[in-house]
Amino acid sequence: MFRIAVMVSGGGTNLQAIIDAISSGKITDTEIGVVISNNADAYALTRAKNAGIPAVCVSRKEIPDRAAYNQMLIKAVDDANVDLVVLAGFLVVIPEEMIRKYRNRIINIHPSLIPSFCGTGYYGLKVHEGALARGVKVSGATVHFVDEGTDTGPIILQKAVEVKDDDTPEVLQRRIMEEAEWVLLPQAIDLIAHQKVEVVDGKVKRI
Ligand code: GAR
């Protein structure tokens, strides 16, 4: 069985999409070993509990020392003994030590078509505010491996979503979740679980 850890900070709709995809057989031969949150109030923790999945909170608030926090985060991931770490709306920067240790074994979902509207400062609703402020007609979502940069790692899957004239950031966010994120993230996990992708020269190739 391929084991994944899912790291979350908020609502956990992407976590729910993974749980549902495992239940419905869209993701096969895979189990969620643990859900890790940086935020004790994250609704994602309730989703994990409802699905009977072990969940831990490594609270950024309670551990202000960044080096100590990083070590606790890495320990939480190590203890879970997983094949893949999935960042599903996890809004804490991943320690470099963990990126090196889990090279090409951490993926992230980002709610835009990278390299647009990504990098430092672009997370959650801010991504969609940026897209609407620029007036783009198409946005979308990207799943990528995590490297030392912010949203710079090898791209696994992308899906475009139409931007409508009267969109608010919230409306656009919801459409991108429904049409792209909740589809792409389970797809990417299933591809990796079945060894259908590899990273060659910093790019993802389908096998
Ligand atoms: C999602 O839209 C995800 O793409 C985004 O946060 C949201 C989390 O929602 N992630 C980022 O912006 C990362 N830079 P969720 O908790 O309902 O899955």
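In what follows, the accompanying structure is described. (Residues numbered from 1 in each chain as written. Predicted model: local features only at pLDDT ≥ 70, side-chain atom pairs only at ≥ 80, totals over all residues. Heavy atoms only, no water.)

Considering the pairing of strand 6 (residues 138-145)
Within a regular strand, the side chains alternate between the two sheet faces. Among the 8 residues in strand 6, 7 count as buried, and that is most of the element. Of the strand pairs in this sheet, strand 5 (residues 106-110) and strand 6 are connected by 4 bridges, and their pairing is antiparallel. The residue of strand 6 that forms the bridge with Asn 108 is His 144. Where strand 6 lies against strand 7 (residues 155-162), 7 bridges are found, and the strand directions are antiparallel. Each bridged residue has a counterpart across the sheet, and for Val 138 the counterpart in strand 7 is Glu 162. (Buried < 20%, exposed > 50% of the residue type's maximum accessible area, 1.4 Å probe, protein only. Helix = DSSP H or I, 4+ residues; strand = E, 2+ residues; numbered from the N terminus. Pairing = 2+ DSSP bridges.)

Looking at the site of the ligand
In the vicinity of the ligand lie 14 residues, with Gly 12, Thr 13, Asn 14, Gly 124 and Glu 181 positioned nearest. The side chain of His 110 places a nitrogen or oxygen atom 3.3 Å from a nitrogen atom of the ligand. A distance of 2.7 Å separates an oxygen atom of the ligand from a polar side-chain atom of Glu 181. Protein coverage of the free-state accessible area of the ligand, which is 450 Å², stands at 91%. Contributing elements (two or more residues each) for the shell around the ligand: helix 1 (13-24), strand 5 and helix 6 (169-193). (Near = heavy atom within 4 Å. Polar contact = N/O pair within 3.5 Å; in protein donor to acceptor, adjacent residues only side chain to side chain. Areas by Shrake-Rupley, 256 points an atom, 1.4 Å probe, with all protein chains shown as cover.)

Some remarks on the pattern of salt bridges
Here the structure, examined in full by the defined rule, presents 7 salt bridges. With a closest N to O distance of 2.6 Å, Asp 78 and Lys 101 form a salt bridge. Residue Asp 78 is located in helix 3 (residues 66-80), and its partner Lys 101 is located in helix 4 (residues 96-101); the two are separated by 23 residues in the primary sequence. Note on Lys 101: relative accessible area 43%, which makes it partly exposed. (Salt bridge = Lys/Arg side-chain N within 4 Å of Asp/Glu carboxyl O.)

Things to note about the side chain of Ser 37
Structurally, Ser 37 is set in strand 2 (residues 30-37). A distance of 2.7 Å separates a polar side-chain atom of Ser 37 from the backbone oxygen of Asn 39. For Ser 37, the contacting residues outside a window of four places in its chain are Val 8, Ser 9, Ala 42, Leu 45, Val 56, Cys 57 and Val 58. (Contact = heavy atoms within 4.5 Å.)

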